[in-house]
Amino acid sequence: MSLQDKYRQLTDLAADLRISNLQVREQDNVLYIDGTAKSAGEKDQLWDAYNKLDPDYRSADVVMNIEVQQEIAREYTVENGDSLSKIGKAYGVSWQSIFEANKDIIKNPDLIQVGWKLKIPTE
């Protein structure tokens, strides 16, 4: 039995949950499942389904790389004197979540520039 057959319920659940960018591939006796879930709850559902098929993950024949899509609440333009901590406090989110949502433009969380448009996620 192939791994794709063994874990059909798991991959079907991923499809039913409409995991975006879903990719399933078998390589070197390991099934790789990649994609992006709309919520942490959906990601948890996948892990719960996997645990039912392979209790305590003993087979070690699945690698799931499921990210959770962050919801963006608004956009903020950086002003003079701003820091991620200051912006986060104003919007009630952590500076880390702002950094994660903006990794495409922020390389160092201590160095942000006036005029940058930052996505402010919901936590």
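Scroll up for the structure.
Every chain is numbered on its own, with residues counted from 1 as its sequence reads. Only residues with pLDDT of 70 or above have their local features reported here, since the model is predicted, and side-chain atom pairs are shown and tallied only from 80 upward, although totals for entire chains, interfaces and linings are computed over all residues. Side-chain metrics in this entry use all non-hydrogen atoms of the structure; hydrogen atoms and water are not considered.

### Some details on the pairing of strand β3 (residues 62-68)
One face of the sheet, then the other: side chains in a regular strand alternate in exactly this way.
Piece 1. For two strands to be treated as a pair, DSSP must find at least two bridges joining them. Starting at the N terminus, helices and strands are each numbered in turn, a helix being any DSSP run of H or I of at least four residues and a strand any DSSP run of E of at least two. Sheet topology note: the strand β2 (residues 30-37)/β3 ladder contains 7 bridges and is parallel. Residue pairing for β3: L31 is matched across the bridge by V62.
Piece 2. Regarding topology, helix α3 (residues 40-53) serves as the crossover connection from β2 to the parallel β3, and that connection is right-handed. The definition of a right-handed crossover adopted here requires that, viewed with the strands pointing away, the path from the first strand over the helix to the second runs clockwise.

### Comments concerning the packing of aromatic side chains
Piece 1. Stacked, tilted and edge-to-face are the three classes applied to pairs of Phe, Tyr and Trp rings, where Trp contributes its six-membered ring and a pair requires centres within 6.5 Å; stacked means planes under 30 degrees apart, edge-to-face means over 60, and tilted covers the rest. In the structure shown here, the tally under the stated rule is 5 aromatic pairs.
Piece 2. Residues W47 and Y57 carry aromatic rings whose centres are separated by 5.7 Å and whose planes lie at 90 degrees to one another, so their mutual orientation is edge-to-face. Of this pair, W47 sits in helix α3 while Y57 sits in the loop between α3 and β3; the two residues are 10 residues apart in sequence, bridging distant segments of the chain.
Piece 3. Only protein chains enter the accessibility calculation, which uses a 1.4 Å probe. A residue is then buried if its area is under 20% of the maximum for its type, exposed if over 50%, and partly exposed in between. Taking relative accessible area as the criterion, Y57 reaches 36% and is therefore assigned partly exposed.
Piece 4. Relative to Y91, the ring of Y76 has its centre 5.9 Å away and its plane inclined at 70 degrees; by these criteria the two rings are edge-to-face.

### Here's the deal with the side chain of D54
Piece 1. Assignment of secondary structure puts D54 in the loop between α3 and β3.
Piece 2. Charged residues are defined here as Lys and Arg on the positive side and Asp and Glu on the negative side; His and the ends of the chain fall outside this count. The term salt bridge refers to a pairing of a side-chain nitrogen on Lys or Arg with a carboxyl oxygen on Asp or Glu at a separation within 4 Å. Although D54 is buried, it makes no salt bridge; K6 carries the closest opposite charge, 5.4 Å away.
Piece 3. Whenever a nitrogen or oxygen atom comes within 3.5 Å of another N or O atom, the pair is scored as a polar contact, on the condition that within protein one atom can donate a hydrogen and the other can accept it, and that pairs from neighbouring residues in sequence are kept only if both atoms are in side chains. One polar contact links the side chain of D54 to the main-chain amide nitrogen of R58, over a distance of 3.2 Å.
Piece 4. In this structure D54 touches Y7, S59, A60 and D61, once residues within four positions along its chain are discounted. It only takes one pair of heavy atoms within 4.5 Å for two residues to be counted as in contact.

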